[in-house]
Amino acid sequence: MKIHLTGDIAAFEAGIGLLAEELGVELAGDGIEIAVERSTDETIEASCRDGRGRIRWKEPVHFFRALGLWVQLRREKDDFERIERPRFDTNGVMADVSRNAVLKTDSVKRLLRTMALLGLNRFMLYTEDTFEVPGYPYFGYMRGRYTAEELKECDDYAALLGVEIVPCIQTLAHLTEALKWNYAADVRDTPDILLAGEEKTYDFIRDMIRAASSPLRSKAIHIGMDEAHQLGLGRYLDRNGYRKRFDIMNEHLRRVVSICEEFGLSPMIWSDMYFRLGSATGGYYDLNAEIPQDVVESMPRNVQYVYWDYYHDDPAFYREFIRKHQAFGSAPVFAGGVWTWGSLAPNYGKTIATTEAALRACKDEGVRDAFATMWGDNGAETSVFAGLAGIALFAEHGYADEVDRAELERRLKLCASAELADFLALNEFDETPGVSAGNMHESNPSKFLLWQDVLIGLYDVNVRDLPMSGHYEALAEKMAQAARRGGPWSALFVQYEKLAQVLKTKSDIGIRLKSAYDEDDRERLSAISGELGELGLGIDELRKLHRKNWLRENKPFGWEAIDIRYGGLLSRLETARARIGDYLSGEADRIEELEEERLYYDAPWVMPQGALGRGAYHRIVTAGAFSG
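Conventions adopted
- Residues numbered from 1 in each chain as written.
- Predicted model: local features only at pLDDT ≥ 70, side-chain atom pairs only at ≥ 80, totals over all residues.
- Heavy atoms only, no water.
- Domains from an automatic or database assignment.
- Contact = heavy atoms within 4.5 Å.
- Buried area = accessible area lost by both parts, 1.4 Å probe.
- Salt bridge = Lys/Arg side-chain N within 4 Å of Asp/Glu carboxyl O.
- Helix = DSSP H or I, 4+ residues; strand = E, 2+ residues; numbered from the N terminus.
- UniProt positions renumbered as here; feature names shortened; annotations may be inferred.
- Phe/Tyr/Trp six-rings, centres within 6.5 Å; stacked < 30°, edge-to-face > 60°.
- Buried < 20%, exposed > 50% of the residue type's maximum accessible area, 1.4 Å probe, protein only.
- Lys NZ or Arg CZ within 6 Å of the ring centre and 35° of its normal.
- Polar contact = N/O pair within 3.5 Å; in protein donor to acceptor, adjacent residues only side chain to side chain.
- Axes fitted to C-alpha atoms, helices over the stretch in contact; angles between N-to-C directions.
- Parallel < 35°, antiparallel > 145°, perpendicular 65-115°, else oblique.
- Left-handed = near helix turned anticlockwise from the far one by under 90°.
- Nonpolar A, V, L, I, M, F, W, Y, C, P; charged D, E, K, R; others polar.
- Core = buried A, V, L, I, M, F, W, Y, C linked by side-chain atoms within 4.5 Å.
- Pairing = 2+ DSSP bridges.
- Right-handed = clockwise from strand over helix to strand, strands pointing away.

**Quick word on the domain arrangement of the protein chain**
Move 1: When cut into domains, the protein chain gives domain 1 (2-84), domain 2 (90-421) and domain 3 (430-621).
Move 2: Taken residue by residue, the interface counts 20 residues in domain 1 and 17 residues in domain 2.
Move 3: Here domain 1 meets domain 2 over a buried area of about 1,700 Å², counting both sides, of which 60% is carbon and sulfur.
Move 4: The interface formed by domain 1 and domain 2 holds four salt bridges in total.
Move 5: Among the secondary structure elements, those contributing two or more residues to the side of domain 1 that touches domain 2 are helix H1 (13-23), helix H2 (60-76) and strand E6 (80-84).
Move 6: The element that contributes the greatest number of residues to the side of domain 1 that touches domain 2 is H2, accounting for eleven residues.

**Considering the UniProt feature "domain: Glycoside Hydrolase 20C C-terminal" (unreviewed entry) in the protein chain**
Move 1: Taking the numbering used here, the UniProt-annotated feature "domain: Glycoside Hydrolase 20C C-terminal" (unreviewed entry) corresponds to residues 422-604.
Move 2: For residues 422-604, helix accounts for 68% and strand for 0%, while the C-alpha atoms at its two ends are 32 Å apart.

**Quick word on the packing of aromatic side chains**
Move 1: Under the criterion given, the structure shown has 54 aromatic pairs.
Move 2: Consider the rings of Tyr126 and Trp375, whose centres lie 4.9 Å apart with planes at 90°: the pair is edge-to-face. You can see Tyr126 sitting in strand E8 (residues 122-126) and its partner Trp375 sitting in the loop between strand E16 (369-374) and helix H13 (388-397), a full 249 residues away along the chain. For the residue pair Tyr126 and Trp375, the accessibility class agrees, reading buried in each case.
Move 3: Here Tyr141 and Trp181 contribute two aromatic rings whose centre-to-centre distance is 5.8 Å and whose plane-to-plane angle is 70°, an arrangement assigned as edge-to-face. A residue pair is termed long-range when its members are at least 10 positions apart, and Tyr141 in the loop between E8 and helix H4 (148-160) and Trp181 in the loop between helix H5 (176-179) and strand E10 (188-190) qualify at 40 residues.
Move 4: In this arrangement the basic side chain of Arg522 is found over the ring face of Tyr583, its NZ or CZ atom lying 4.5 Å from the centre.
Move 5: The side chain of Arg614 reaches across the aromatic face of Trp605, ending 3.6 Å from its centre.

**Describing the environment of Pro332**
Move 1: Assignment of secondary structure puts Pro332 in the loop between helix H11 (315-326) and strand E15 (333-337).
Move 2: Since its relative accessible area comes to 9%, Pro332 is described here as buried.
Move 3: In sequence terms Pro332 and Ser271 are 61 residues apart; their C-alpha atoms lie 9.2 Å from each other.
Move 4: Apart from the residues within four sequence positions on either side, Pro332 is in contact with Tyr305, His325, Gln326, Val367 and Asp369.

**Re the UniProt feature "domain: Glycoside hydrolase family 20 catalytic" (unreviewed entry) in the protein chain**
Move 1: The UniProt record marks residues 92-274 with the feature "domain: Glycoside hydrolase family 20 catalytic" (unreviewed entry), using the residue numbering of this structure.
Move 2: The straight-line gap between the two end C-alpha atoms of residues 92-274 is 25 Å; of that span, 40% is helix and 15% is strand.

**Section: the side chain of His174**
Move 1: Inspection of the secondary structure puts His174 in the loop between strand E9 (164-168) and H5.
Move 2: Residue classification places His174 among the buried positions, given a relative accessible area of 18%.
Move 3: Only 3.2 Å separates the side chain of His174 from the side chain of Asp226, close enough to count as a polar contact.
Move 4: Among the polar contacts listed, one links the side chain of His174 to the side chain of Glu227, at a separation of 2.6 Å.
Move 5: Those residues within four positions of His174 in sequence are excluded, and the remaining contacts are Arg99, Tyr126, Glu128, Asp192, Asp226 and Glu227.

**Concerning the side chain of Lys498**
Move 1: Within the secondary structure layout, Lys498 lies in helix H19 (residues 490-518).
Move 2: Assessed through its relative accessible area of 15%, Lys498 is described here as buried.
Move 3: Every residue in contact with Lys498, bar those within four places of it in the chain, is listed here: Gly538, Glu541, Leu542 and Leu545.

**Quick look at the packing of helix H3 (residues 105-118) against helix H14 (residues 405-416)**
Move 1: Interhelical geometry of H3 versus H14 gives an angle of 135° and a closest axis separation of 9 Å. Compared by their axis directions, H3 and H14 come out oblique. Note that H3 runs across H14; the crossing there is right-handed. Here H3 contributes Thr114, Leu117 and Leu118 to the contact with H14, which in turn contributes Arg411, Leu414, Cys415 and Ala416.
Move 2: When the residues that make up the contact of H3 with H14 are grouped by side-chain class, the tally is five nonpolar, one polar and one charged.

**Some details on unusual backbone geometry**
Move 1: In this structure, the amide linkage connecting Ala603 to the following residue, Pro604, adopts the cis form with an omega of -5°.
Move 2: Residue position: Pro604 is located in the loop between helix H22 (592-595) and helix H23 (617-620).
Move 3: Positive phi outside glycine occurs at Asn439, with the angle close to 45°.
Move 4: Tracing the backbone through its elements, the reader meets Asn439 in the loop between helix H15 (420-425) and helix H16 (445-451).
Move 5: For Asn439, a relative accessible area of 1% gives the class buried.
Move 6: A positive phi angle, close to 50°, is found at Asp520, a residue other than glycine.

**Describing the nonpolar core**
Move 1: Core analysis: the largest hydrophobic core is formed by 213 residues, its most contacted members being Phe63, Trp70, Leu112, Phe123, Tyr274, Phe423 and Phe429.
Move 2: The element best represented in this core is H19, accounting for twelve residues.

**Considerations on the pattern of salt bridges**
Move 1: Applying the stated rule across the entire model yields 61 salt bridges.
Move 2: Residue Arg56 is joined to Glu45 by a salt bridge in which the shortest nitrogen-to-oxygen separation is 2.7 Å. Taken together, the positions of Arg56 in strand E5 (residues 52-57) and Glu45 in strand E4 (residues 44-49) put the pair eleven residues apart, joining distant regions of the chain.
Move 3: The class for Arg56 is buried, based on a relative accessible area of 7%.
Move 4: In this structure Glu45 comes out as buried when scored by relative accessible area, which is 4%.
Move 5: With its nearest N and O atoms 2.6 Å apart, the salt bridge here joins Arg243 to Glu251.

**So, the pairing of strand E14 (residues 304-308)**
Move 1: Burial within E14 is extensive, with four of its five residues counted as buried.
Move 2: As judged from the three bridges shared by strand E13 (residues 266-270) and E14, these two strands associate in the parallel manner. Looking across to E14, one finds that Trp270 is bridged to Val306.
Move 3: The β-α-β motif built from E14, the intervening H11 and the parallel element E15 has right-handed crossover chirality.

Now the structure itself:
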């Protein structure tokens, strides 16, 4: 499609060049004329009438969204008009690059292009220790940390697209990987928490803030401070005795805010510690939590408190909690979630339910800043790009009261060359038979069925009477169809096709092995041993596909943890075959692992009806001590 943009477009020309190929457009003097002008009200526009187009924008990212809309609508009809009112001042994505998967700069750029077309104007790189801090060679050592040059490269690219990159670091807790080295001995309170009140700590924080913010244009910074459960209870307690933890929190926050002000930065923090300290149970979402008025009055007002919540599906809960945040005296920020963490595929059921409820409440309560987190807990086994449908949902809520499914499908196709149905089908890896609709309890059967040991089968009882093999067989065909569609995400779906094929066998082979052993059916045991050999070949193919996609998207650091998981699985399959062989040959008179009665796996959380379990890797593979 040839288009001819008129008006003052100098600021957008470089960005248009970055997006033209993906949009399938060519700038040409003989193209369809589109008049570009800045909006004089709160709306943006993409329209065409009698062969002449119009784009109105308010903020730079609105131009790129409107341009994408214009191309999308023009392909559908000759004359059209779309007028939108942005519901948020800032809306965006936080990508977790601290759980082993550190996005390559090209991957960041790919994501930024999609964000610009969706109209998302804020990108946050969650970096606990994955950025260079001069003078601290062990900070982020062998973790794939970003250099200042890499951060600047991403920021320059984002600026061309109207996207602000905001540094997101930790200045209190969540610093286990950073604090494990000896250089941190003087600033460490507990293994993951900085020592509040120590001057060396604030020198360290100053260096972190300088390093994280100086390559970027943004004057906003996220300084973390969430989940500091043992605040004041480690070396701080030894040095100072017990003090009210509200006081420690406020004193520390004020010191860090003052450092931010030295650099002209406006900070935001996660809000949960104030609610946890005011709760009798230590919970964040305790509606009965009491934060003393004197504590509220001493909380800095020049800080935005980020309410993070990707758990509830009731708008009323979000509304009440937003109001609690508004009582702090500054405008709150809302952080929702695209559930890319804790398993091998995204949980779209919970993503959709929580996003719909949360963003409806945000719009009702006048929240003006929001972003979607994309965590990578427990090894970042799921690609951030597998969450594209959730990103698109979050974006569309920024421009409408309600999001139409058909329109979401069109937007994802235009902005990411992605089929909505294919991405939503990834949900079926964990929303299996036995899991309630929406998977609100976060069951992760794809993860525990892949990694669990065939001889020990800790989760076998949980799935024993469920048709898991047939479920994954059908899902493998869906993934194959998605892969055959081609396009930029074909390799991702080839990997998922192989995962489903592996799970077709792996989901019940341990159950069948135990049954054959209990019945002393030696013919079946021999056949299952052969299956284990074939299964190993399939798992190794999966490992190689996963590796190829990881190395395409991420720096190589961190892959070693996933590689070791696959290697451990393959080794245990070989051991299982050897144990079966010894038993069948008479060299062993029994297989002790198969002698044990299988029990229902009910830890670490009590699982309600409609849940199968949501284990972490070290608790899936063994009932013994994995380390330490």
